[in-house]
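Given next are the chains, with one letter for each unit.
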Amino acid sequence: MNAMQVNRTLECEGLACPLPVVRTKKAVEEMRTGEVLEVRATDRGSVADLQSWAKRTGHQYIGLKEENGVFRHYIRKSDPTETKEERKFPHAISNEEIHNKLSAGEIVNLLDVREPAEYAFGRIPGAKSIPLGELEKRLHELDPGQEYYLVCRSGNRSDMACQTLAEKGFKNVKNAVQGMTEWTGEIEKD
Amino acid sequence: MSTMGIQKMTSKEVTKMILNNEELVILDVRNEADFNDWKIEGNNVESINIPYFDLLDDISPALDKIPDGKNVLVVCAKEGSSIFVAEQIAEAGRSNISYLEGGMKSWSEYLEPVKVSDLSGGGELYQFVRIGKGCLSYIVLSNGEAAIIDTSRMIEQYEQFMQEKGVKLIHAIDTHLHADHISGGRAVAQKYGAAYHLPPKDATEVTFEYEKLEEGNDIYVGNETIKVKPIYTPGHTIGSTSFMIDNKYLLTGDILFIDSVGRPDLAGLAEDWVGDLRDTLYSRYKELSEELVVLPAHFGKVTELGVGGLVAGRLGTLYNENPGLNIHDEREFRKTVTENLPPQPNSYQEIRQTNMGKMNPSEHEQREMEIGPNRCAVHDK
């Protein structure tokens with residue numbers, strides 16, 4: 001897999017425990033909520049430890065790639081308040097409806113607004129990636145006359161993305177409120 | 001790395017403390033899954049698990065849990081995190097804080113030599129206790145010659161011992177094709193021009209030359225004084241072989257342990273071998289003298305360690321007390337040794353391939369493959 005777009009990369013090659021976790025913690029503290037950190041480590045112990053650390057601290061452990069003895073961890077900084085945000089966009093679609101449409105062979109425009117690393121580690125087949133932060137400058141890739149279903153991890157970022165599109169004149173957008181967390185259908189990966 | 005105010009403890013020193021039943025508080029700072037899988041145990045060892053990443057900002061959760069005034073040993077996978085945590089505990093004003101040199105990696109590899117006995121022909125028999133993993137290996141010495149049985153991967157430790165004793169290796173013997181640890185038998189035999197013996201039925205797929213262990217073909221160490229007599233005892237593997245030494249000691253490999261019996265499933269043929277296992281345990285061994293001292297290739301719990309760490313038991317006593325030798329109903333036995341078994345040892349398939357010579361992992365990879373408990377007995381839960 002090619003270099004994945006992330007906000008920051010931390011090089012911990014050659015470092016033994018506890019340093020990969022110590023440096024990850026420091027880096028995450030300096031980042032903004034929602035940003036993605038790539039940690040490169042060669043210590044096999046980093047695998048279980050970084051996953052446990054992320055779980056305990058509430059940050060999202062997106063995934064791991066191993067290549068030539070280097071473990072590449074992807075972690076998205078989370079904020080405990082993030083999941084409590086109110087949903088404002090009125091038009092929603094359930095995962096089941098999306099699944100049924102895909103199964104029936106319908107052409108649907110799925111827009112995945114998560115970070116590229118999250119998208120790379122698993123998305124609904126055929127979904128197009130435009131991270132929330134890039135949405136406004138990439139509107140030209142979309143057609144306001146089309147119907148779009150917006151997906152993220154938990155339904156929050158897609159809610160904001162729906163509002164943005166609606167403000168820009170898109171008439172037919174729906175928020176996949178359950179998000180990828182509750183998606184049980186097929187997954188496509190890089 | 002600075003190690004102000006804290007002491008380094010070696011695996012050898014920790015082993016001595018455990019064998020002397022000394023009190024020790026262990027703060028294990030590995031992640032919970034690793035701790036639950038495998039840890040340092042002892043009769044007077046109290047273990048506390050707090051992962052180091054929970055102590056990065058604030059050491060007080062550790063201070064709250066470790067009793068003041070006791071010897072505290074901080075342990076991690078390699079040692080870096082244990083030094084990091086131990087230093088903070090010492091900075092907080094606690095004393096008697098040590099860390100384990102080399103961490104669980106070195107714990108897994110340390111062998112404690114324990115003398116079993118002098119032998120009638122003037123030789124000696126030693127048991128090497130791999131306390132961190134529960135593996136037992138043996139050295140027979142006589143008249144300047146040596147044989148090692150069930151050699152572990154860390155052959156330097158036997159080499160050093162043989163050098164001190166002034167003996168030359170002439171035989172390396174494996175009771176069976178091991179699935180829980182990588183055998184050092186072939187490597188050590190090659191290095192000293194010694195013979196490497198394996199049971200032929202376990203060696204059908206090996207990629208190297210070896211001597212066939214067969215009943216009747218006795219092996220001699222030192223001027224033919226000590227006879228190592230192979231007895232075919234299938235069950236854990238189809239080739240499993242036991243040895244009689246000096247008509248007094250019965251080396252049972254992974255067939256019979258002190259508190260349990262071997263599992264027949266690690267080569268994937270539990271159903272086929274359970275009958276052999278039953279036959280070996282309930283007939284073949286039964287024909288032998290009850291006065292034989294059983295010396296197994298594993299122990300399951302530290303409570304099995306006797307004086308000086310020796311793991312041994314009289315065959316007659318085992319027939320009375322070992323639960324695996326007291327299942328009189330054959331169907332019940334079949335059930336016990338094939339159902340509800342403990343998880344299989346880590347990487348056991350790769351370990352078997354390595355012991356057959358089909359895989360050649362690096363030293364680092366071999367170490368990783370062996371990490372964790374051995375789980376070769378049916379009662380190792």
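Computed from a predicted model, the values in this text were never measured in an experiment. (Residues numbered from 1 in each chain as written. Chains lettered and ligands numbered in written order. Predicted model: local features only at pLDDT ≥ 70, side-chain atom pairs only at ≥ 80, totals over all residues. Heavy atoms only, no water.)

## Notes on the packing of helix α1 (residues 19-30) of chain A against helix α2 (residues 45-57) of chain A
Residues and elements named next belong to chain A. Where α1 meets α2, the axes come as close as 10 Å, and the angle between the chain directions of the two elements is 35°. Judged by the twist between their axes, the crossing of α1 over α2 is right-handed. Of α2, the residues touching α1 (which contributes P20, V21, T24, K25 and V28) are S46, D49, L50 and W53. Looking at the contact of α1 with α2 residue by residue, the class counts come to five nonpolar, two polar and two charged. (Axes fitted to C-alpha atoms, helices over the stretch in contact; angles between N-to-C directions. Helix = DSSP H or I, 4+ residues; strand = E, 2+ residues; numbered from the N terminus. Left-handed = near helix turned anticlockwise from the far one by under 90°. Contact = heavy atoms within 4.5 Å. Nonpolar A, V, L, I, M, F, W, Y, C, P; charged D, E, K, R; others polar.)

## Focus on the domain arrangement of chain A
Residues and elements named next belong to chain A. Its domain assignment divides chain A into domain 1 (8-77) and domain 2 (92-182). With centres defined by C-alpha atoms, the gap from domain 1 to domain 2 works out at 28 Å. Listed per partner, the contact involves nine residues of domain 1 and six residues of domain 2. Together domain 1 and domain 2 conceal approximately 630 Å² of surface at their shared face, both sides included; 69% is due to carbon and sulfur atoms. Area buried by domain 1 at its contact with domain 2 is led by Q60, I62 and R76, which between them contribute 61% of it. At the boundary of domain 1 with domain 2, the tally comes to one salt bridge. Linking R76 and E118 is a salt bridge whose minimum nitrogen-to-oxygen distance equals 3.7 Å. Scanning the region where domain 1 abuts domain 2 turns up two residue pairs in polar contact (both at pLDDT 80 or more). For the side of domain 1 that touches domain 2, the elements supplying multiple residues, two or more each, are β3 (60-67) and β4 (70-76). (Domains from an automatic or database assignment. Buried area = accessible area lost by both parts, 1.4 Å probe. Salt bridge = Lys/Arg side-chain N within 4 Å of Asp/Glu carboxyl O. Polar contact = N/O pair within 3.5 Å; in protein donor to acceptor, adjacent residues only side chain to side chain.)

## A short note on the side chain of D150(B)
All names here are of chain B. As for its placement among the helices and strands, D150 is situated in the loop between β9 (145-149) and α6 (155-165). One buried charged residue, D150, remains without a salt bridge, the closest side chain of opposite sign being R130 at 11 Å. Only 2.8 Å separates the side chain of D150 from the backbone nitrogen of T175, close enough to count as a polar contact. Excluding its chain neighbours within four sequence positions, the residues that come into contact with D150 are L136, S137, Y158, I173, D174, T175, H176, H178, H181, G253 and A297. (Buried < 20%, exposed > 50% of the residue type's maximum accessible area, 1.4 Å probe, protein only. Lys, Arg positive; Asp, Glu negative; His and termini not counted.)

## Section: the packing of aromatic side chains
Geometry of an aromatic ring pair is reported as the spacing of the ring centres plus the angle between the planes. All names here are of chain B. For the structure on display, the rule yields eight aromatic pairs over all chains. Taking the centre distance of 5.2 Å and the plane angle of 75° together, the rings of Y52 and F53 count as edge-to-face. In this structure, Y52 and F53 share a single accessibility class: buried. With centroids separated by 5.0 Å and ring planes inclined at 40°, the aromatic side chains of F128 and Y158 adopt a geometry described as tilted. Of this pair, F128 sits in strand β7 (residues 124-130) while Y158 is found in helix α6, placing the two residues 30 residues apart along the sequence. A relative accessible area of 1% means that F128 is categorised as buried. (Phe/Tyr/Trp six-rings, centres within 6.5 Å; stacked < 30°, edge-to-face > 60°.)

## Let's talk about the sheet that holds strand β4 (residues 72-75) of chain B
All names here are of chain B. The five strands are arranged β1-β5-β4-β2-β3 in an open sheet whose pairing can be described as parallel. Single-partner strands in this sheet number two, and they are β1 (7-9) and β3 (45-49). The mean inter-strand angle of the sheet, taken between neighbouring strand axes irrespective of direction, is 30°. Examined bridge by bridge, β4 and strand β5 (residues 97-100) share three bridges and lie parallel to one another. Looking at the pairing, V72 lines up with I97 of β5. Here helix α1 (residues 11-19) sits on the sheet and contacts β1, β2 (24-28), β3, β4 and β5; the angle it forms with β1, its principal contact strand, is near 75°. Of the strands in this sheet, β2, β4 and β5 touch helix α4 (residues 80-91), which is tilted by about 180° from β5. (Pairing = 2+ DSSP bridges.)

## Let's talk about the pattern of salt bridges
Residue and element names in this part refer to chain B. In this structure the tally under the stated criterion is 39 salt bridges over all chains. The salt bridge involving K70 is made with E23; its shortest N-O contact spans 3.8 Å. Highlighted residues: K70 in the loop between α3 (60-65) and β4 and E23 in the loop between α1 and β2, separated in sequence by 47 residues. Here K70 falls in the partly exposed class, since its relative accessible area comes to 33%. Since its relative accessible area comes to 51%, E23 is described here as exposed. We note a salt bridge from R153 to E109, for which the minimum N-O separation is 2.9 Å.

## Here we look at the layout of surface pockets
Regions of empty space are outlined by a rolling probe, equal in size to a water molecule, passed over the atoms. In this structure, the largest pocket spans a volume of roughly 820 Å³. Lining the largest pocket are 36 residues, and of these R44(A), G45(A), D34(B), E368(B) and I371(B) lie nearest its centre. At the level of elements, α2 of chain A together with α2 (32-37), α4, α5 (103-109) and α12 (363-370) of chain B are the ones that each hand at least two residues to the lining of the largest pocket. Of the residues in the lining of the largest pocket, the class split is 13 nonpolar, ten polar and 13 charged. (1 Å grid on protein atoms, 1.4 Å probe; cavity = no way out; pocket = protein on both sides within 12 Å on 5 of 7 lines; lining within 4 Å. Points joined across faces, edges and corners; volume = space filled by probe spheres on them.)

## Quick look at the sheet that holds strand β9 (residues 172-176) of chain A
Residue and element names in this part refer to chain A. Strand order in the open sheet formed by five strands is β5-β9-β8-β6-β7, with parallel pairing between adjacent strands. In this open sheet, the two strands that pair with only one neighbour each are β5 (92-93) and β7 (128-129). Where strand β6 (residues 110-112) and strand β8 (residues 147-151) come together, three bridges link them in parallel fashion. Bridging from a neighbouring strand, L111 pairs with L150 of β8. Against the sheet, helix α5 (residues 156-167) makes contact with β6, β8 and β9, and its axis sits at roughly 170° relative to β9, the strand it touches most.

## Observations concerning α12(B)
Residues and elements named next belong to chain B. Every buried residue of α12 is accounted for by Q366, M369 and E370. Each buried residue of α12 lies within a common arc of 90° when the element is viewed along its axis, so the set occupies one face. The positive-phi residue at the C-terminal boundary of α12 is G372, with phi of around 110°. (Arc of directions from axis to C-beta.)

## Overview of the interface of chain A and chain B
Counting from both sides, the interface comprises twelve residues of chain A and, opposite them, 13 residues of chain B. In total, about 1100 Å² of surface goes out of reach between chain A and chain B, with carbon and sulfur atoms giving 54% of it. Measuring nitrogen to oxygen at the nearest pair gives 2.6 Å for the salt bridge that ties K25(A) to D57(B). Contributions of two or more residues to the side of chain A that touches chain B are made by α1 and α2 of chain A. Element by element, the count of residues in the side of chain A that touches chain B is highest for α2(A), at five residues. Residues of the side of chain A that touches chain B, tallied by class, amount to six nonpolar, one polar and five charged.

## Description of the environment of K227(B)
Tracing the backbone shows K227(B) in strand β14 (residues 226-232). Residue classification places K227(B) among the partly exposed positions, given a relative accessible area of 39%.

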